[in-house]
Amino acid sequence: MKERSSFTSRIGFVLAAAGSAVGLGNMWRFPYLAAKYGGGAFLITYVLLAVTFGFTLMITEVAMGRRTRMSCIEAFGSLNRRFAPLGWLAALIPVIIAPYYCVIGGWVVKYFVEFVRGNGMAVSSDTYFGDFISMAGSGILENPLLWFVIFVLLTAVVVLLGVDTGVEKASSVMMPVLVLLSVGISVYCMTLPGAAEGLKYYLLPDFADFSLTTVLAAMGQLFYSMSLAMGIMITYGSYMKKEDDLESSVGQIEIFDTGIAFLAGLMIVPAVVAFNGGDASLIQGKAGPGLMFGVLPKVFESFPLGGAVGAMFFLLVFFAALTSSISLLETVVSILTDKMRLTRKKATILSTAGILILGIPSCLGYGPWGHITVLKMQFLDFFDFISNSVMMPIVAIGTCILVGHVVGSRYIEEEVESSGTFKRKKMYRIMIRYVAPVMLAAILAGEVLKYFG
Ligand code: PHE
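Residues numbered from 1 in each chain as written. Predicted model: local features only at pLDDT ≥ 70, side-chain atom pairs only at ≥ 80, totals over all residues.

The name an unreviewed UniProt entry gives the protein is Transporter, with Enterocloster hominis as the organism. Its UniProt record gives the protein the following Sequence similarities (unreviewed entry) comment, quoted word for word: "Belongs to the sodium:neurotransmitter symporter (SNF) (TC 2.A.22) family." According to the UniProt record, the Subcellular location (unreviewed entry) comment for the protein is "Membrane". (UniProt positions renumbered as here; feature names shortened; annotations may be inferred.)

Once that is clear, we can look at the overall build of the protein. Check the secondary structure of the protein and you find 20 helices and zero strands. In terms of C-alpha radius of gyration, the protein reaches 21 Å, essentially the compact-globule figure of 22 Å for 453 residues. C-alpha atoms of the protein, sized along the principal axes, occupy 55 × 50 × 45 Å. In the protein, which comprises 453 residues, the share counted as buried stands at 54%. Considering only intrachain contacts with a sequence separation of at least 6, the fraction spanning at least 24 residues in the protein is 83%. (Helix = DSSP H or I, 4+ residues; strand = E, 2+ residues; numbered from the N terminus. Rg over C-alpha atoms; globule rule 2.2 N^0.38 Å. Buried ≥ 20, exposed ≤ 12 C-beta atoms within 10 Å, placed from the backbone. Contact = placed C-beta atoms within 7 Å.)

Let us now look at unusual backbone geometry. Its identity as a non-glycine residue notwithstanding, Arg69 has a phi of 55°, on the positive side. On the secondary structure map, Arg69 appears in the loop between α3 (40-68) and α4 (72-79). Of the residues examined, Arg69 has 17 C-beta atoms within 10 Å and is grouped as partly exposed. With a phi close to 65°, Leu305 is a non-glycine residue in the positive phi region.

Of the positions making up helix α19 (residues 410-417), those classed as buried are Ile412, Glu415 and Val416. One face of α19 carries all of its buried residues, which in axial projection span an arc of 100°. Of the surrounding secondary structure, the elements contacted by the buried residues of α19 are α3, α13 (246-275) and α18 (379-406). (Arc of directions from axis to C-beta.)

Of all hydrophobic cores here, the largest spans 165 residues; its most connected members are Met58, Ala90, Val108, Phe314 and Phe318. Examining the composition of this core, we find that 20 residues originate from one element, helix α16 (residues 306-339), more than from any other. Residues within four places of Val108 in sequence aside, it is in contact with Phe314, Val317, Phe318 and Ala321. (Core = buried A, V, L, I, M, F, W, Y, C linked by C-beta atoms within 7 Å.)

Glancing now at the environment of Ala18. Tracing the chain through its elements places Ala18 in helix α1 (residues 10-21). C-alpha of Ala18 to C-alpha of Gly285: the two residues are 267 residues apart in sequence and 28 Å apart in space. Those residues within four positions of Ala18 in sequence are excluded, and the remaining contacts are Met175, Ile253, Phe256 and Asp257.

Further remarks concern α13. Given a rise of 1.5 Å per residue, 30 residues ought to cover 44 Å, and the 44 Å separating the end C-alpha atoms of α13 matches this to within 8%. Judged by how many residues are buried, α13 sits mostly within the fold: 25 of 30 residues are covered. Positive phi shows up at Gly277, right after α13, with a value of about 65°. (Expected span 1.5 Å × (residues − 1).)

Quick look at the structure:
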């Protein structure tokens, strides 16, 4: 049998996994949630959950991957045959997410290019983003399909190059640059006139409105942010060396992910509040594309050196999104090479073609296909909802049941202990059996109720 590809070093694994975890969620959702749910109160809640709940789920997946040396479908099936369908469900998630994630990645590339060309002012106009995604503009450069294809091809090239020379190399270059950009931009933003007000908003804990909703929001964000329940961490774990310390590696991925999310808040909250004359309502009211492509370009352009800062910011977001889409594609490719015995080249070409086709509805859904909706949502929003809000919590609950109650947590503990001590073992046992599944059920219920509410 062909030897399984692997990362060449522990740090290579950590950077690749952190690359997957650090993504659009860190940039456009975390700062908004923190501003909305009591600043420091949210930050504390998030960190506490990261070292318990997030840690439990992530170490489970990485250890599962490393112990089985399999991609996600087979990993679930090999632990227990009856759980193979859960592996299939998990495997379907990157197939759903990758296409629309690349559509958004394309928007990021477009904004980066425009800022570099000195068109920051033009893209900051009120109508620009809406016109762009609805394909109202003329000319090939104004067509989101072009940018989507570019982003997909960039992702594909890296994956084609392989685990060590592609995924690991790319993350080892992009992640350190990403950290430097994050630190640089946040320092710039914190020192803007009027930023102090926003800093207070972001950092000082306000427990006045602290409630179950705060905890639920933090849990949901954490879960998404760590790229859990879609086979990614199983796949990356399967490429990890047997002798590398698992617990400390997972700890470092968490620090990376949480640290970048925190820095994103330092970039965005003070700047938006300063821009809005000390009023935080703008950031509290907006997350996602509206914040990133609508509000932020305006904010940057209103400050000295805004065009350059805008370009750097979108480069940073581009790296964050690209390392995440690489992990999505790599997961699909690993399944195809394992299950169908395809070569990496064939598997990459096949899945890239699939992403290009499946991404079209998400791309056109905000434009010419705007009249078509699924469950009252545009295609992109529907894919986002069904994967993040429904399928991922179900897969994660199933994983907790499988590990906590069917094969037993020893299975994971042994793998962790094979390469070092497992300091948080007691906590892990209780979390995986009882606490995490209940928390996940709450996330699922909350998300589904939100849809009906
Ligand atoms: N974890 C990434 C984020 O925070 C998102 C992501 C989703 C990554 C799906 C990979 C797959 O944005």
